[in-house]
Structures are given as structure tokens and as C-alpha cells.
Amino acid sequence: MSGKGAHVVVGLSGGVDSAVSAYLLKEAGYRVSGLFMVNWTEDEQGYCSSADDFQDARAVCEELDIPLHRVDFSAEYRERVFRHFLADYAAGKTPNPDLLCNREVKFQPFREHALRLGADFVATGHYAQLSHQADGPHLLRSVTEDKDQTYFLALVARAQFERVLFPIGGLTKPQVREIASAAGLPNHRKKDSTGICFIGEREFRSFLQNYLKPDPGAILDDRGAKIGEHQGLMYYTLGQRRGLNIGGVRGAREAPWYVVGKRPADKALLVSQDPQHPLLMSHSLITAPFCWIRRPDPLPARLQARIRHRQQLQNCVVEVADEGRVRVRFEQAQRAVSPGQYCVLYDGEECLGGGEIEASPG
């Protein structure tokens, strides 16, 4: 990876992954600039960590002797990502805004802003790899499965990967931290961020209540008997076992309860003590119109899929349905296939794209 003086703008988050990306690019001969992106401004509860992260990014740039730019995309984030996030929760879905953030912010206005700064290339600290071939970029999994982030990149349009670099896609996390420590980067011990940036460490239900009014309903067991009440279907996910607040139920075993279904028509939350309840298990799913990064023609007889980040790849058969939707049939039944989440398809090492899960017929 030789830069030969080309200008690369690195998206710096304040974390160690993007810091090492900047370091490696500078070592390779690139002229490096940092660009810090603000997606969420301080709210009235003061939970946003953007200010602290910016100071960490600035310290990294001082150590590397590179310029740092700061750009505010909070308006774009609220309109393109957060608005859909709230609408999906209100509809009883379980959205994953990280995929939309990459498509709608990081690889659109962020990338465009970097190119306006005169960048020849744009780089991020994603654990993913790109193979730039004659027919266009191919998105490949990183060398380490437990950190692979291609799932979160599956909605990005193929053209948006042009002039993009992923410097740490061929490294493991321990290797990244070793490089950061050896280079004297000030954030080499910083913990990885978890969860959604605008929620942070706060309690999720309390956060949602700032934007969505409670919408109570009945909690029903396998027999359809009411065994409690909930404050809103949006607060629960399929397969969830914690936070149900179900006390002792007459005639029930002393065992955990699991969310096995939602019935928006009458606001019912369906629960069971069977962790493998038939309502939780699906052999197939249907997506919304699929976002192909690269669509093989013809489709291979067998592909692999993930329905959540870090899930092991699952063998499946895929067919394109009406209006660009995709039907996926799994070799093994999948647990808690949740509308609003995403199904991402792979052909071996290559990530082909993703689509929002609309339904899981069974």
C-alpha cells in the first residue's frame, strides 16, 4: 500500500481503529488529513460523547502531525437515519440504524465532503476489505470473523466504494492495538464503542420514551391467556428474555419467559417459556427491495447469509422475487428473524449486499 504523495482523508472517530488507519496511511507515503464527523449533538440529557471523541481525534492528529477537519452532519443524520429509526420502532420493528448511517451519511455527504477537501482517496477504520477490479469494487470480509464489519456496509452503493480504502481490513484487533501502542498513539487503550452513538450507555427504554409515547397492551402466553401488561411493543425484540417484568404465573414453570411474537393489530406481546418456540424459528425470509453491491448473474446455487452482526454465515438458497425483493431459504432454521433487521448475503469472502427483512413466513 504505497501512497506516493496522494491525498487521503481519513474519517477519524476518536477510536483506535481509525487512528491506526491514519497512521498506516501516513507510513505508506500518503498525505493524510483527518475528518471528524458529528452525527448527534448534545441533547438535554448530556449523553452524547461527541465532544470527548473529538478531543481524542485531535490528540491523534497532533501526534501524527496531520490536519483535522470537523463537519456537522447531525441534520442529515436525523433526517436520513434517525427518522426511519423511530418510524420502524413505532411500527413494532427492530431497526439497525448503523447500516443506514453508512449508506446515508458516511459514504454520501461524508465522502463527498472529503472529496471537496481535495482527497484522492477516502479511508475509514472499518474491518473490511476492498478489491478494486476491472468491473468495479468488490467488498470482501476482513481477515478476522469476530470483527468483520461488512454486515454494516451491505447497503452502500457499489459506486460509493470507488476511491475508498480500508487500511485495517487485513489486521486483527490485537494487531491494531499493538500498532497503536508502538506508534505512541494517545488512544491506544481506549475501549471500543458499543451500541448506537446517540443512545450510548443510557437505558434504551428511557431514551425511546423521549420520542415515542407509551402504547400499552397485553402480554399473552402460549394459551392466549393474559399474564401481564407491557408499555409498548417498540420496547421488545424477538427472543428477548430480560426486562419482561413477568412475575410468578399460576401453573407456569420456574423458568425464563421469551418474546416469541408481536401482534400490532391488538397490541399484544406474545411470550413463551420455550426458547425454541415455533414462532421464533424460521426456515425462510423475504426482504424489502434488495440493495445489491454486486449481483452475480446467474446467482450461485448456494450462498451464505447473516441476519445479524457476528452471526456465523448460514448456508441458503436465494431467489429474486417481485419488485426486487429477495427470498432466502436456509438449510437450518434461524431463531428470532426480526422485521426491520437486515439480511446480508455473501458468496464466500464477498459481501453481495443486503436488504431489510420484511417477513419470515416460517
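Residues numbered from 1 in each chain as written. Predicted model: local features only at pLDDT ≥ 70, side-chain atom pairs only at ≥ 80, totals over all residues. Heavy atoms only, no water.

1. Section: the overall build of the protein
Logical step 1: Within the protein, the regular secondary structure consists of seven helices and 18 strands.
Logical step 2: The C-alpha radius of gyration computed for the protein amounts to 22 Å, which stays within 12% of the reference 21 Å derived for 362 residues, consistent with globular compactness.
Logical step 3: Taking the principal axes of its C-alpha atoms as reference, the protein extends roughly 70 × 50 × 35 Å.
Logical step 4: Residues counted as buried form 52% of the 362 residues belonging to the protein.
Logical step 5: Taking as baseline every contact in the protein between residues at least 6 positions apart, the subset at least 24 positions apart corresponds to 66%. (Helix = DSSP H or I, 4+ residues; strand = E, 2+ residues; numbered from the N terminus. Rg over C-alpha atoms; globule rule 2.2 N^0.38 Å. Buried < 20%, exposed > 50% of the residue type's maximum accessible area, 1.4 Å probe, protein only. Contact = heavy atoms within 4.5 Å.)

2. As for unusual backbone geometry
Logical step 1: Cis geometry is adopted by the peptide bond preceding Pro298, which originates at Asp297 and carries an omega value of 5°.
Logical step 2: For Pro298, the location among the structural elements is in the loop between β13 (291–292) and β14 (303–306).
Logical step 3: Its identity is not glycine, yet Arg163 carries a phi of approximately 65°, on the positive side.
Logical step 4: Along the chain, Arg163 falls in the loop between β6 (136–141) and β7 (164–165).
Logical step 5: For Ala336, which is not a glycine, the phi torsion comes out positive at approximately 55°.
Logical step 6: Its location among the elements puts Ala336 in the loop between β16 (326–335) and β17 (342–347).
Logical step 7: Of the residues examined, Ala336 reaches a relative accessible area of 7% and is grouped as buried.

3. Some remarks on the pattern of salt bridges
Logical step 1: Applying the stated criterion across every chain yields a total of 23 salt bridges.
Logical step 2: Two residues, Arg103 and Glu104, come together in a salt bridge whose shortest N-O distance is 2.9 Å.
Logical step 3: The exposure class of Arg103 is partly exposed, given its relative accessible area of 23%.
Logical step 4: One network of salt bridges, with partners in common, ties together Asp17, Lys147, Lys173, Arg177 and Asp192. (Salt bridge = Lys/Arg side-chain N within 4 Å of Asp/Glu carboxyl O.)

4. Regarding helix α5 (residues 109–116)
Logical step 1: For α5, the complete set of buried residues consists of Pro109, Phe110, Arg111 and Ala114.
Logical step 2: Those residues of α5 that are buried are in contact with β1 (7–11), β2 (31–38), α3 (74–90), α4 (97–106), β4 (121–123) and β7.
Logical step 3: Among the residues trailing α5, Gly118 stands out with phi positive, at a value near 95°.

5. Here we look at the layout of surface pockets
Logical step 1: Here the second largest pocket is characterised by a volume of approximately 330 Å³.
Logical step 2: Contributing to the lining of the second largest pocket are 19 residues, with Leu238, Gly261, Lys262, Val337 and Pro339 lying nearest its centre.
Logical step 3: Mapped onto the lining of the second largest pocket, the elements with two or more residues apiece are β10 (258–263) and β12 (281–287).
Logical step 4: Sorting elements by how many residues they give to the lining of the second largest pocket places β10 first, with three residues.
Logical step 5: For the lining of the second largest pocket, the per-class residue count stands at nine nonpolar, eight polar and two charged. (1 Å grid on protein atoms, 1.4 Å probe; cavity = no way out; pocket = protein on both sides within 12 Å on 5 of 7 lines; lining within 4 Å. Points joined across faces, edges and corners; volume = space filled by probe spheres on them. Nonpolar A, V, L, I, M, F, W, Y, C, P; charged D, E, K, R; others polar.)

6. Some details on the nonpolar core
Logical step 1: By size, the foremost hydrophobic cluster in this structure holds 54 residues, and its most contacted members are Leu139, Phe161, Phe166, Leu208, Ile246 and Val271.
Logical step 2: The set of elements that each furnish at least two residues to this core consists of β2, α3, α4, α5, β5 (128–133), α7 (204–209), β11 (268–272) and β17.
Logical step 3: Take this core: its biggest share by element is six residues, from α3.
Logical step 4: Aside from chain neighbours lying at most four places away, what touches Leu139 is Ala128, Gln129, Leu130, Thr150, Leu153, Phe161, Phe166, Ile293, Glu349, Glu350 and Cys351.
Logical step 5: Residues Tyr30, Cys61, Val176 and Ala183 belong to the second largest nonpolar core, which totals 30 residues. (Core = buried A, V, L, I, M, F, W, Y, C linked by side-chain atoms within 4.5 Å.)

7. As for the sheet that holds β1
Logical step 1: An order of β3-β2-β1-β4-β7 is seen for the five strands of this open sheet, with the pairing classed as parallel. Lying at the two open borders of the sheet, with one neighbouring strand each, are β3 (68–72) and β7.
Logical step 2: Pairing of β2 with β3 involves five bridges; the strand directions are parallel. If you follow Met37 over to β3, its bridge partner there is Val71.
Logical step 3: Running over the sheet, helix α1 (residues 16–27) touches β1, β2, β4 and β7 and is turned about 170° from β1. (Pairing = 2+ DSSP bridges. Axes fitted to C-alpha atoms, helices over the stretch in contact; angles between N-to-C directions.)

8. Some thoughts on the sheet that holds strand β9 (residues 226–230)
Strand pairing within a sheet occurs via backbone hydrogen bonds; the two strands may be parallel or antiparallel.
Logical step 1: Spatial ordering of the open sheet is given by β9-β8-β11-β10, a layout of four strands whose pairing is mixed. At either end of the open sheet lies a strand with only one pairing partner, and these are β9 and β10. Neighbour-to-neighbour, the strand axes of the sheet open up by a mean angle of 30°, direction not taken into account.
Logical step 2: As judged from the four bridges shared by strand β8 (residues 217–220) and β9, these two strands associate in the antiparallel manner.

9. A look at the packing of aromatic side chains
Logical step 1: The tally for this structure, following the rule as stated, stands at 13 aromatic pairs.
Logical step 2: Plain terms: the ring middles of Phe36 and Phe54 are 5.3 Å apart, the flat faces sit at 65° to each other, and that makes the pair edge-to-face. Of this pair, Phe36 sits in strand β2 while Phe54 is found in helix α2 (residues 50–64), placing the two residues 18 residues apart along the sequence.
Logical step 3: The class of Phe36 is buried, set by a relative accessible area of 2%.
Logical step 4: For the pair Phe82 and Tyr211, a centre-to-centre distance of 5.1 Å together with 80° between the ring planes defines the contact as edge-to-face. Placement of the pair is Phe82 in helix α3 and Tyr211 in the loop between α7 and β8, with a sequence separation of 129 residues.
Logical step 5: Exposure remark for Tyr211: the relative accessible area of 30% places this residue in the partly exposed category.
Logical step 6: What links up through ring pairs into an aromatic cluster is the set Trp40, Phe82, Phe85, Tyr89, Phe207 and Tyr211.
Logical step 7: If you follow Arg70 out to its NZ or CZ, it ends over the ring of Phe54, 5.4 Å from the centre.
Logical step 8: Geometry around Trp40 places Arg78 over its ring, the cationic atom sitting 4.1 Å from the centre. (Phe/Tyr/Trp six-rings, centres within 6.5 Å; stacked < 30°, edge-to-face > 60°. Lys NZ or Arg CZ within 6 Å of the ring centre and 35° of its normal.)

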